[in-house]
Every structure is written in structure tokens, then in C-alpha cells.
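# A closer look at the structure
Single-letter residue listing:
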Amino acid sequence: MILDGKFGKYGGAFVPELLIPALEELEKAFLKYKDDEEFNKELKYYLREFAGRPTPLYYAKNLSEKLGCKIYLKREDLLHTGAHKINNTLGQGLLAKYMGKTRLIAETGAGQHGIATAVIGSLLQIPTEVYMGSEDVERQKLNVFRMELSGAKVNPVENGSRTLKDAINDAFRDWASSSDTTHYLIGSTMGPHPYPMMVKHFQRVIGKETKTQILKNEGKLPDVVIACVGGGSNSMGIFSGFIEDKEVELIGAEGGGEGLNGKHGSTISAGTEGILHGSLSFVLQNDDGQISEAHSISAGLDYPGVGPEHAFLSSKGRAKYYPVTNEEAIRGFKLLSEYEGIIPALESSHAIGMAEKYAKENKGKTIIINLSGRGDKDVDILAKLMGVKL
Ligand SMILES: *Cc1c(COP(=O)(O)O)cnc(C)c1O
């Protein structure tokens, strides 16, 4: 490969020999097209006309008064399909088209990335197959149907714990024998090089817009930027606009709540160094290196690894990562719904919960929260937790 894909010692491409040619071809194409005028013109067109960019940076007046800080929300929840994921699926889908690929595959946990990929497959008329653990297929029937409505085929995965990490393994297995026709569209800043670098590139648009918008509104940079961290793509996207600005604090909110089996899911705060899905980063694993299940009430934060660049930013102290409990996230969910009329995704609610804690100890600061997605998909979970029968 041309680059080593390392962030300090993290990252890299720890994959079977069989996958190297596919990764090399992808790296080469990405490095070529990321600066290609025609590619970028088409990507910008779809981001604007199809996905709905730019998204507003909304001053949350009521929440600001309530918490004693100036709070801005980057409204990724307003994008088509309801979250930031479409920035990446559009970028990679278009790249696949420019590479002449005639088939897309993707992995999905709860279904959000599967839907964002199925939609792009439909837009670009590229046949799409989505790997999904059979356990998740059972739990997320509505999302499976949504993918099928967009013309995608959902492949239930019966291996291992039959959840996200097993779906990723099966997608890699498919790709190892199909990469001449197929692009594997990974959904976050994880996996082997070039994925972490490439997904960050396609999510950078969040950080770029936010910086321009906050400078226009406030005439200065914010004190802190807070985003939730699953694999790490929405946070990497918004952080990338401010990494060079040392005076801006960067905070990642991890799913630190107890899952249904009582285990915690905060990878950087509670994990150890290890290799998962082709890159060195922090991983939730036991003493024998067996991958543990990540657990959070929000499906999008339920990944037992985290993007390698976050491990790097954490090791340098440039960004800080804190676990946010289920209770704190639910408070965040209710706060935004009640005070701003915006129902946030449970994932994003972790960032709001984090902001509430931060505001308590840092009155008067300017806080930007990346509102990664909308919460329509999560209202039934909230109702159940609140004991409301729908
Ligand atoms: C998938 C998802 C996340 C987590 O993924 P990242 O790659 O860490 O951004 C966060 N928020 C929402 C709304 C999601 O759908």
C-alpha cells in the first residue's frame, strides 16, 4: 500500500493476505478520486440535493438558559435517512461507481448503516447486499423491511453471537472473493487502512461547515466540541474541523451504560489495546483476547472496538473520552425533547448527557454538540423504559 494507515502506533491493516489486493485497489482509487474535480462536483451535488447539506448549526436558546452555557447543535439529524451516516455512504457509493464496481456490500448492527447503504444503492442503481446478525434481523424487522424496500438484499449471519461483529466478519469473507466486482462499504472510521482515513475524509464536511458557522455566529471558536463515539465517524467528522485549534476541547461520549446483560460498552474508557477487524486500537476483550460484546441501550454505540484515530487522539490527550450512563443519556434525550422540540437519537443523547455534566462545572462556556441523528427510531425504547404502553 502507498500509506501505512497509522495514527501513531494505532491503525494499520492487519488482515489475511487474501484481502490485501482489494485494500490496495481501494486505497489507490480513494487517493486518486478524493482530489478529482468531477468526483467532488458530483459528491457535492448529491450531498446538497439528495442528503440536504449544509445542515444548520442551531443555537439552542432554551437549553442554553437551562444549563447556563451557550449551546449550539450541529443538525446532522436533519439529513436524509436521519443521521450523519449518509455523508459516508454517498462518498463511498460514488467512489465504487467511479471504480466501476457493480455490487455493494455492507454490514449493519441495528440497521442504520444498512439503510444508509441501501438508499445509496438505490440512488446509484448498484445492487446492494447487507450482512446482519440473525439476532439483529430478528430484533430489527422494521429496518430489514426498509432496506428491502430500497431494493437491498439482507443476508442474516448465523455465526458467533449473531450480531454486528459477526456481520463484519462475513462481509470481509464475501469481499475476499468478490472484490473485482464488489465494493465493501464500511460504516464507520474503523477496519483496516484505508477505511479509517477514508470515512473520516467523507465525514469532514461536518467539521468544515461547523467551523465556518460558529465563526459567523460567535466571531470566535467554541470552548468545547462534544460528540458521541461508536466506531467514531460522526465525532471524527466534527473533531477534524478543530483538531489544530488546541484551545478547543474535544470530548467523546462513549456508551457507558449497562446493556441488558449488565456489561458496559465504553471502549476507550474501559477497553485495552488490541486488534479488531483489521486495525490496532482499543477493544473490549477478556484476558484471553476474546472480544466481549459491547453493550449500550443505543444500538449505534454497541461496537466493541473504536476507530484507531480516536485511540491516537486519546493517547496524545488531544481528545478526552468519557463513559455516559444510560440514565444520563435518557436525561439528555428528554432534555432536548422538552426544551428544544428536537427528539435526538439515543446515540446523540449520550453527547447531550455529557454536555449537561460539562455545563454544570463550566458555566458560561460555548459548547457545540454534534447531533448525529434523530430519535424517531428510538421512541419505542424510551416508552418501554418509562413504562408507557404505546
Ligand atoms: C451509527 C450512529 C452513531 C455511531 O457511529 P459513529 O461512527 O461513532 O458516528 C452515532 N449516532 C447515530 C445517530 C448513528 O446512527
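Scope of this entry: the structure provided in the associated data block. Note that the coordinates shown come from a computational prediction; the quantities given were computed from them, not determined experimentally.

### Observations concerning the state of the cysteines
The bond known as a disulfide is covalent and runs between the sulfur atoms of two cysteines. In this structure the tally under the stated criterion is zero disulfides. Not part of a disulfide, Cys 228 finds its nearest cysteine sulfur in Cys 69, a span of 20 Å. Assessed through its relative accessible area of 2%, Cys 228 is described here as buried.

### Observations concerning the sheet that holds strand E6 (residues 128-133)
The four strands are arranged E7-E6-E5-E8 in an open sheet whose pairing can be described as parallel. Each having just a single partner strand, strand E7 (153-157) and strand E8 (182-184) make up the two edges of the open sheet. For this sheet the average axis-to-axis angle between neighbouring strands, irrespective of direction, equals 25°. Sheet topology places E6 next to E7; five bridges connect them, and they run parallel. Pairing of Glu 129 across the sheet is with Lys 153, part of E7.

### Points about empty space enclosed by the protein
Overall, the coordinates contain three cavities of 30 Å³ or more when judged by the stated rule. Here the largest cavity defines a volume of roughly 50 Å³. In terms of residue count, the dominant contributor to the lining of the largest cavity is strand E12 (residues 279-283) (four residues).

### Section: helix H12 (residues 308-316)
Within the sequence span of H12, burial applies to Pro 308, Glu 309, His 310, Ala 311 and Leu 313. Positive phi shows up at Gly 317, right after H12, with a value of about 75°.

### Quick notes on the nonpolar core
Nonpolar side chains tend to gather and get buried jointly when the protein is soluble and globular. In this structure, Phe 39, Leu 90, Leu 95, Met 147, Trp 175, Tyr 184 and Tyr 195 are the most contacted members of the largest nonpolar core, which totals 54 residues. Not counting the four nearest positions on each side in its chain, Tyr 184 is found in contact with Gln 92, Ile 105, Ala 106, Glu 107, Ile 168, Ala 171, Phe 172, Trp 175 and Tyr 195. Phe 239, Ile 243, Ala 311 and Ile 368 belong to the second-largest nonpolar core, a separate cluster that totals 26 residues.

### Some remarks on helix H8 (residues 164-178)
Between its terminal C-alpha atoms H8 stretches 21 Å, which fits the 21 Å expected from 15 residues at 1.5 Å a residue. Of all 15 residues in H8, eleven are buried; the element is thus mostly enclosed. Here H8 has its buried residues at Leu 164, Lys 165, Asp 166, Ala 167, Ile 168, Asp 170, Ala 171, Phe 172, Asp 174, Trp 175 and Ser 178.

### Some thoughts on unusual backbone geometry
The omega torsion across Arg 53 and Pro 54 is -5°, close enough to zero to call that bond cis. Along the chain, Pro 54 turns up in the loop between helix H2 (37-51) and strand E3 (57-59). Backbone torsion omega between His 193 and Pro 194 reads 10°, so that peptide bond is classified as cis. Located in the positive-phi region is Thr 81, a residue other than glycine, with phi close to 70°. By the secondary structure assignment, Thr 81 is in the loop between strand E4 (70-75) and helix H4 (85-98). You will see that His 277, though not glycine, has its phi angle at about 50°, which is positive. Note that His 277 resides in the loop between strand E11 (272-276) and E12.

### Examining the packing of aromatic side chains
Considering all chains together, one arrives at twelve aromatic pairs under this definition. Between Tyr 45 and Tyr 46, the aromatic rings sit 5.3 Å apart at their centres with planes inclined by 65°, giving edge-to-face as the arrangement. Taken together, Phe 30, Tyr 33, Phe 39, Tyr 98 and Phe 202 form an aromatic cluster joined through their ring pairs.

About the thresholds
Residues numbered from 1 in each chain as written. Predicted model: local features only at pLDDT ≥ 70, side-chain atom pairs only at ≥ 80, totals over all residues. Heavy atoms only, no water. Disulfide = S-S within 2.5 Å. Buried < 20%, exposed > 50% of the residue type's maximum accessible area, 1.4 Å probe, protein only. Pairing = 2+ DSSP bridges. Helix = DSSP H or I, 4+ residues; strand = E, 2+ residues; numbered from the N terminus. Axes fitted to C-alpha atoms, helices over the stretch in contact; angles between N-to-C directions. 1 Å grid on protein atoms, 1.4 Å probe; cavity = no way out; pocket = protein on both sides within 12 Å on 5 of 7 lines; lining within 4 Å. Points joined across faces, edges and corners; volume = space filled by probe spheres on them. Core = buried A, V, L, I, M, F, W, Y, C linked by side-chain atoms within 4.5 Å. Contact = heavy atoms within 4.5 Å. Expected span 1.5 Å × (residues − 1). Phe/Tyr/Trp six-rings, centres within 6.5 Å; stacked < 30°, edge-to-face > 60°.

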